[in-house]
Amino acid sequence: MDAVVTAALPVFALILTGWLAARCGVLGPAATDALNRYVAYLSLPALLFRAMAQADLSLMSWHFVVSVAGGIAITFAITCLVSRRHDVRLTDLSIHGLAASYANAGYMGIPLCLALLGPASLAPAIICTLMTACVLFGVAIALIEFDQHRDRRLGTTLLKVARALIRNPLLISPLAGLAWSLSGLTLPLGIDRYVELLGASASPCALVTIGLFLAQARPGGERDSVGKLVAGKLLLQPAATAIFVFWAFPVPPLWAWSAVLMSALPIGTGPFMLAQLYGRDARATSRAILLSTILSVITVSLLVAWISKQALY
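Bear in mind the structure is a predicted one, so any value in this text is a computation, not a measurement.

Enquirer: Even after reading the chapter, I still don't get the overall build of the protein, so can you show me in this structure?
Expert: For the protein, the count of helices and strands is 14 helices and zero strands. Listing every helix and strand of the protein by position from the N terminus yields α-α-α-α-α-α-α-α-α-α-α-α-α-α. Buried positions account for 51% of the 313 residues belonging to the protein. Taken as a whole, the protein presents about 14,600 Å² of accessible surface, with 68% of it coming from carbon and sulfur.

Enquirer: So what exactly am I meant to see when it comes to the packing of helix α12 (residues 253–263) against helix α14 (residues 283–308) here?
Expert: Between two packed helices, the angle of one axis relative to the other and the distance separating the axes together describe the packing. Contact geometry of α12 with α14 gives a least axis separation of 10 Å together with a crossing angle of 170°. What the angle tells us is that α12 and α14 run roughly antiparallel. Contacts between α12 and α14 involve W257, V260 and L261 from the former and V300, L303, V304, W306 and I307 from the latter. The class makeup of the residues in the contact of α12 with α14 is eight nonpolar, no polar and no charged.

Enquirer: Explanation requested: the state of the cysteines in the structure shown.
Expert: Chemically, a disulfide is nothing more than a covalent bond linking the sulfur atoms of two cysteines. For the structure shown, the criterion picks out zero disulfides. Cysteine C113 shares no disulfide, and the gap to the nearest cysteine sulfur, in C128, comes to 7.3 Å. Assessed through its relative accessible area of 0%, C113 is described here as buried.

Enquirer: Can you walk me through the packing of aromatic side chains in this structure?
Expert: In the structure shown here, the tally under the stated rule is five aromatic pairs. Consider the rings of F64 and W255, whose centres lie 5.0 Å apart with planes at 90°: the pair is edge-to-face. Placement of F64 in helix α3 (residues 62–82) and of W255 in helix α12 is noted, with a sequence separation of 191 residues between them. There is no split in this pair, since F64 and W255 are both buried. One aromatic cluster is present, formed by F246, W247 and W257 through successive ring pairs.

Enquirer: What's the story with helix α13 (residues 270–277) in this structure? I'm lost.
Expert: Spacing of three or four residues puts side chains on the same side of an α-helix, whose turn is 3.6 residues. Counting buried positions along α13 gives six out of eight residues, so the element sits mostly inside the fold. Those residues of α13 that fall on the buried side of the exposure criterion are G270, P271, F272, M273, L274 and A275. Residue G279 follows α13 closely and has a positive phi angle near 70°.

Enquirer: Even after reading the chapter, I still don't get the side chain of N104, so can you show me in this structure?
Expert: Relative to the helices and strands, N104 resides in the loop between α4 (90–101) and α5 (105–117). In this structure, N104 is in contact with V11, G109, L265, P266, I267 and G268, ignoring residues within four places of it in sequence.

Enquirer: What exactly am I supposed to notice about the pattern of salt bridges here?
Expert: Oppositely charged side chains may form a pair once their charged atoms are brought near each other. Counted under the stated rule, the structure contains six salt bridges. Residue E196 is joined to R50 by a salt bridge in which the shortest nitrogen-to-oxygen separation is 3.8 Å. A residue pair is termed long-range when its members are at least 10 positions apart, and E196 in helix α9 (residues 189–200) and R50 in helix α2 (residues 29–53) qualify at 146 residues. Notably, a salt bridge pairs D92 with R280, separated by 2.8 Å at the nearest N-O pair. Of the two residues, D92 sits in helix α4 while R280 sits in the loop between α13 and α14, which places them 188 residues apart along the sequence. Given the relative accessible area of 18%, D92 is considered buried. Among the charged side chains, a salt-bridge network with shared partners connects R50, D192, R193 and E196.

Enquirer: What is the right way to look at the confidence of the model for the protein in this model?
Expert: In low-pLDDT segments, the atomic positions of the prediction should not be examined closely. Residue-level pLDDT values for the protein average 83, and 87% of them are 70 or greater. Mean pLDDT per element in the protein: helix α7 (residues 154–166) is the minimum at 68, and α3 is the maximum at 93.

Enquirer: Would you explain a nonpolar patch on the surface in this entry?
Expert: Among the surface-exposed residues, F12, L16, W19, L20 and I294 lie close enough to one another that they form a single nonpolar patch of about 410 Å² accessible area. With four residues, the top contributor of residues to the nonpolar patch is helix α1 (residues 2–23). When you line up the elements, I294 lands in helix α14. Since its relative accessible area comes to 42%, I294 is described here as partly exposed.

Calculation notes
- Residues numbered from 1 in each chain as written.
- Predicted model: local features only at pLDDT ≥ 70, side-chain atom pairs only at ≥ 80, totals over all residues.
- Heavy atoms only, no water.
- Helix = DSSP H or I, 4+ residues; strand = E, 2+ residues; numbered from the N terminus.
- Buried < 20%, exposed > 50% of the residue type's maximum accessible area, 1.4 Å probe, protein only.
- Areas by Shrake-Rupley, 256 points an atom, 1.4 Å probe, with all protein chains shown as cover.
- Axes fitted to C-alpha atoms, helices over the stretch in contact; angles between N-to-C directions.
- Parallel < 35°, antiparallel > 145°, perpendicular 65-115°, else oblique.
- Contact = heavy atoms within 4.5 Å.
- Nonpolar A, V, L, I, M, F, W, Y, C, P; charged D, E, K, R; others polar.
- Disulfide = S-S within 2.5 Å.
- Phe/Tyr/Trp six-rings, centres within 6.5 Å; stacked < 30°, edge-to-face > 60°.
- Salt bridge = Lys/Arg side-chain N within 4 Å of Asp/Glu carboxyl O.
- pLDDT = per-residue confidence, 0-100.
- Patch = residues over 30% accessible without salt bridge, like charges linked within 9 Å, V, L, I, M, F, W, Y side chains within 5 Å.

Encoded structure:
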């Protein structure tokens, strides 16, 4: 319980800080867009680059990777299907699917795994984080760009999408980090420290931005959509992941529970940031992030209590 509170409380407190800053007039409406662009073009790319550049690829277990990817894919697909309406664009469906399957892995998941399962859980926690922040995020961006540049001719559409992806820092940065990791080189100490400092501001800035948006958003919105996103994230994804790691593939117990715990985390800030970046309505996404964070204190606490009773060692 202490581990859950320690990991979840800062997330909620930063959202509340942004909300109070907007309500008290400390930060105006322009701050939301400015902070979001800072995260999208500077801080988050630095975080993704460094994570991939330091990734130990020898730790990769394909049974584990397929299990985590399967839980993400099922949640993403089902959320898109239940959110389909005749007037909904692929961009909005992609953001909804992303929100239901995008765990707050880096900021909340890694410290929670370390507190509950110990240092041995760091490797699976990092792999889950990379699968979420790089692979899932990249697929969502590709779908959005395809929708944004859709043309009658498939070749022209694909060319436009490729050009947009090449210019997108959220996709290029982890690929650059992966290339650096494969090269066997290490980042110079000064550059590594610079990238670390820049990337460390991604989560707090994004969470404060959510608070600003919540304070400025008009009342109303899509309660049904919020419920679907929260249910997908807190219930469907951990259930699907558990089926993969416990029944479909031979995954060691510690890695299996790490996967389930990481998949049960609340929604991270990525979907909100992407909705803002592409000029879509972010009310449902921002409220789903807040609600899933609050409810996860109960759902994750129950999961932590269950995991702590299992013979993992």
